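Below are the chains, spelled out letter by letter.
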Number of protein chains: 2
Amino acid sequence: MAAVEARMEELKVNGTKEEDTVTPWEVNTTSATGIDYDKLIVKFGCKKLDDETIARFERITGRKACPMLRRGMFFAHRDFNLMLDRKEQGKPFFLYTGRGASSGSLHLGHLVPFIFTKWLQDAFDVPLVIQMTDDEKFLWRDMKVDEAKKMARENMKDIISVGFDPEKTFIFNDFDYMCPSFYENIVKIWKVVNANQIRSIFGFTPEDPMGKTAFPAVEAAPCFASSFPHIFGNRNDIPCLIPCAIDQDPYFRMARDAASRLKFAKPSLIFSTFLPALQGAQSKMSASEPNTCIYLSDTPKQIKNKILVKPGTSPVRFERLRLELT
Amino acid sequence: MAAVEARMEELKVNGTKEEDTVTPWEVNTTSATGIDYDKLIVKFGCKKLDDETIARFERITGRKACPMLRRGMFFAHRDFNLMLDRKEQGKPFFLYTGRGASSGSLHLGHLVPFIFTKWLQDAFDVPLVIQMTDDEKFLWRDMKVDEAKKMARENMKDIISVGFDPEKTFIFNDFDYMCPSFYENIVKIWKVVNANQIRSIFGFTPEDPMGKTAFPAVEAAPCFASSFPHIFGNRNDIPCLIPCAIDQDPYFRMARDAASRLKFAKPSLIFSTFLPALQGAQSKMSASEPNTCIYLSDTPKQIKNKILVKPGTSPVRFERLRLELT
């Protein structure tokens, strides 16, 4: 704790530049070198994924860590060691990740957690649940339920193409899956979290639609095994490991707190950095700004145009992309 | 409007005594003669159920109004006339009522809306849905989900015994019924109502569990036909008529407002007074205070003890009960 406080103090002293913005809805920095992830680790109170943990992972799974781990693309965690303990002891756990579909197709940035999750599923050989938050997109955007469902469905195809184990993977969208077991966990979370806490975690205002304050429990509920009775029965002592971009951490800080109060297994997390926009490291690839990203549905010609280096300009876009992905 | 304002002004002038308290969670007055229902009509902005409307009801259904209507036990409404229009024109509508089970058995006060609803179902010959809000009770009280479900189940038996048409009645508890169609309507309501509105309607504070602010949409969703696809398909143009005690009005004021925004059929309401506690008209029969009520599960001896007039005391309890119920 003393070390954390010292680092906070240091950041405060050096903190003349504006804070990076990292929320589930916005990722931006004024720095040309991109988000300061070390600062984010301190701010969010998670842990750096150190070499020792990666070495332990390799020992336990008998696999060489994938490039995304070795090169620091997944850079931080909460209680990742507890999942390694369970793997070592042969105790069950599962993987949980997800996506709020806001475009017809995934872009390269979206793919990062899924490619890594597939790799983790292979290494750990455990069940995986993938949540498509079409209800979230309906609440946040000006779209109809059917459009949100359709977008989730289109995105599911891209996600499935990553090659998860079909026997051990359950992919669902909230609108179509909602059922008594899922709802029961949502209501249990609603009982132990109050509106003040939601507001301080997510920054919602009282003018926001009710759904925004109700929704975080819907993203938190799949952390608990009994939301999936067809996989885990009514057990709530099987924890999950969540690979995700670090902007999703607020949901799971809330879920971990709720887990403690409900005496459910606490989720662990492993966090990725953001794939920078083609235009530069100040923002991530964002579906709401199509020119910042390369979509899986882009044609070779479209991709060429997006990364084309015009004569006399710097080849920075292509170089950055090559460095990030190879 | 001018008449309403004049009446408000009059109430203000005469309003030296404290306000009656009528919320979904509390019904109390300082007046020995009980709640001032005329004042409540003005405060809530609903309409008095006048003789003309009752006469029209009798003409259209060909039935003599039941004692609960004739004697003013159901005393106010919102758009009841629109349902009479639909009956006259042969257009479909349905009845919706419900109960939040907080005791193992119903008391006489709880029975009032159900007895009346059965009578309305016979007169109108329409489908009826009955919601048991076990999720609400779990959120508001110190109980487990299973206890809340069990209480709902016990109460269902009492409700079924009232004798609804089994072919046209669907009774459900929220925890067990929650499904995509029901959830979709909840999310739609969440999108058009904000936290400020919920707080001003229900008086919740930011310290209340999140579930309290999320729940009103769960009580409002059965107003919309598509919450029951096995009965109405995905139609949202079939309105419902809700017979209930007037303390439930805040939920349905919110539902009517949401209906307008969502372009769904607006629910109509018909409101009952409260059955006074055995101790006097200052409060209603309340399950949280067992001695104020007679339960369906009470033995003849228990009932006798509750209403027994000891020598030398006034026979007021028994007399009041006789007047209310016969």
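Residues numbered from 1 in each chain as written. Chains lettered and ligands numbered in written order. Predicted model: local features only at pLDDT ≥ 70, side-chain atom pairs only at ≥ 80, totals over all residues. Heavy atoms only, no water.

- By the naming in an unreviewed UniProt entry, chain A goes by Tryptophan--tRNA ligase, cytoplasmic and is assigned to Caenorhabditis japonica.
- What UniProt records for chain A under Sequence similarities (unreviewed entry) is the sentence "Belongs to the class-I aminoacyl-tRNA synthetase family."
- The record held by UniProt for chain A lists under Subcellular location (unreviewed entry) the comment "Cytoplasm". (UniProt positions renumbered as here; feature names shortened; annotations may be inferred.)

Things to note about the overall build of chain A
Okay, so step 1: Along chain A, the regular secondary structure elements total 17 helices and 11 strands.
Okay, so step 2: Looking at the 326 residues of chain A, the share that counts as buried comes to 56%.
Okay, so step 3: The contacts in chain A between residues at least 6 apart in sequence include a share of 75% that link residues at least 24 apart.
Okay, so step 4: As presented, chain A carries roughly 14,700 Å² of accessible surface, and 53% of it is formed by carbon and sulfur atoms. (Helix = DSSP H or I, 4+ residues; strand = E, 2+ residues; numbered from the N terminus. Buried < 20%, exposed > 50% of the residue type's maximum accessible area, 1.4 Å probe, protein only. Contact = heavy atoms within 4.5 Å. Areas by Shrake-Rupley, 256 points an atom, 1.4 Å probe, with all protein chains shown as cover.)

Topic: the sheet that holds strand E8 (residues 240-245) of chain A
All names here are of chain A.
Okay, so step 1: Spatially, the 7 strands line up as an open sheet ordered E3-E4-E9-E8-E5-E6-E7, and their pairing is mixed. Because the sheet does not close on itself, it has two edges, and the strands there are strand E3 (47-48) and strand E7 (169-173).
Okay, so step 2: As paired elements, E3 and strand E4 (residues 74-78) share 2 bridges and run antiparallel to each other. Across the sheet, residue Lys47 finds its bridge partner in E4, namely His77. (Pairing = 2+ DSSP bridges.)

A short note on the environment of Cys179 of chain A
Residues and elements named next belong to chain A.
Okay, so step 1: Inspection of the secondary structure puts Cys179 in the loop between helix H9 (174-177) and helix H10 (180-192).
Okay, so step 2: Here Cys179 falls in the buried class, since its relative accessible area comes to 17%.
Okay, so step 3: Sequence separation of Cys179 and Ser227 is 48 residues, and the distance between their C-alpha atoms is 8.6 Å.

So, the pattern of salt bridges
Okay, so step 1: One pass over the structure, following the stated rule, counts 32 salt bridges over all chains.
Okay, so step 2: Beyond isolated ion pairs, a larger network of salt bridges with shared partners links Lys149 and Asp176 of chain A together with Glu184 and Lys188 of chain B. (Salt bridge = Lys/Arg side-chain N within 4 Å of Asp/Glu carboxyl O.)

Some points on the nonpolar core
Okay, so step 1: Ile189 and Trp190 of chain A together with Ile189 and Trp190 of chain B are the most contacted members of the largest nonpolar core, which totals 129 residues.
Okay, so step 2: Among all residues touching Ile189 of chain A, those that are not within four sequence positions of it are Ala217, Ala220, Ala221, Phe224, Met254, Ala258 and Leu262 of chain A.
Okay, so step 3: If you look at the next biggest cluster of nonpolar residues, it comprises 44 residues, including Ile60, Trp119, Val126 and Leu128 of chain A. (Core = buried A, V, L, I, M, F, W, Y, C linked by side-chain atoms within 4.5 Å.)

Here's the deal with the sheet that holds strand E8 (residues 240-245) of chain B
Sheet strands pair via backbone hydrogen bonds, and the direction of the pair is either parallel or antiparallel.
Residues and elements named next belong to chain B.
Okay, so step 1: Read from one edge of the open sheet, 7 strands run E3-E4-E9-E8-E5-E6-E7, paired in mixed fashion. The sheet is open, and its two edges are formed by strand E3 (47-48) and strand E7 (169-173), each paired on a single side.
Okay, so step 2: Here 2 bridges tie strand E5 (residues 94-99) to E8, and the two strands are oriented parallel to one another. Pairing of Leu95 across the sheet is with Leu241, part of E8.
Okay, so step 3: Across the sheet, helix H5 (residues 80-89) touches strand E4 (74-78), E8 and strand E9 (268-272), and the angle it forms with E9 is around 120°.
Okay, so step 4: Those strands touched by helix H8 (residues 145-160) are E5, strand E6 (128-132) and E7, and its axis lies near 160° from that of E7. (Axes fitted to C-alpha atoms, helices over the stretch in contact; angles between N-to-C directions.)

Focus: the environment of Asp158 of chain A
Residue and element names in this part refer to chain A.
Okay, so step 1: Its place among the elements puts Asp158 in helix H8 (residues 145-160).
Okay, so step 2: Separated by 138 residues in the primary sequence, Asp158 and Leu296 have C-alpha atoms spaced 7.6 Å apart.
Okay, so step 3: The contact partners of Asp158, leaving out residues within four places of it in the chain, are Ser105, Leu106 and Leu296.

Brief notes about the relation of the copies chain B and chain A
Okay, so step 1: Expressed as a screw transformation, the operator carrying chain B onto chain A has a rotation angle of 180° and an axial translation of 0.0 Å, and the superposed copies differ by an RMSD of 0.0 Å. Taken together, the rotation and translation relating the two chain copies correspond to the operation of a two-fold axis. Within chain B, the C-alpha atom positioned nearest to the axis of rotation is that of Cys179 of chain B, 2.5 Å from it.
Okay, so step 2: Taken together, the interface assignments show that 100% of the residues at the interface of chain B recur at the interface of chain A, consistent with an identical surface on both copies. (Least-squares fit on C-alpha atoms with pLDDT ≥ 70 in both.)

Regarding the interface of chain B and chain A
Okay, so step 1: Contacts between the two partners involve 35 residues from chain B, matched on the other side by 35 residues from chain A.
Okay, so step 2: A combined buried area of about 3,000 Å² lies between chain B and chain A, and 67% of that area is made up of carbon and sulfur atoms.
Okay, so step 3: One can count 2 salt bridges joining chain B with chain A.
Okay, so step 4: Looking at the side of chain B that touches chain A, the elements with two or more residues in it are helix H7 (134-140), H8, helix H9 (174-177), helix H10 (180-192), helix H11 (195-202) and helix H12 (210-214) of chain B.
Okay, so step 5: The greatest single-element share of the side of chain B that touches chain A, amounting to 7 residues, is contributed by H10 of chain B.
Okay, so step 6: Tallied by class, residues from the side of chain B that touches chain A come to 19 nonpolar, 4 polar and 12 charged. (Buried area = accessible area lost by both parts, 1.4 Å probe. Nonpolar A, V, L, I, M, F, W, Y, C, P; charged D, E, K, R; others polar.)

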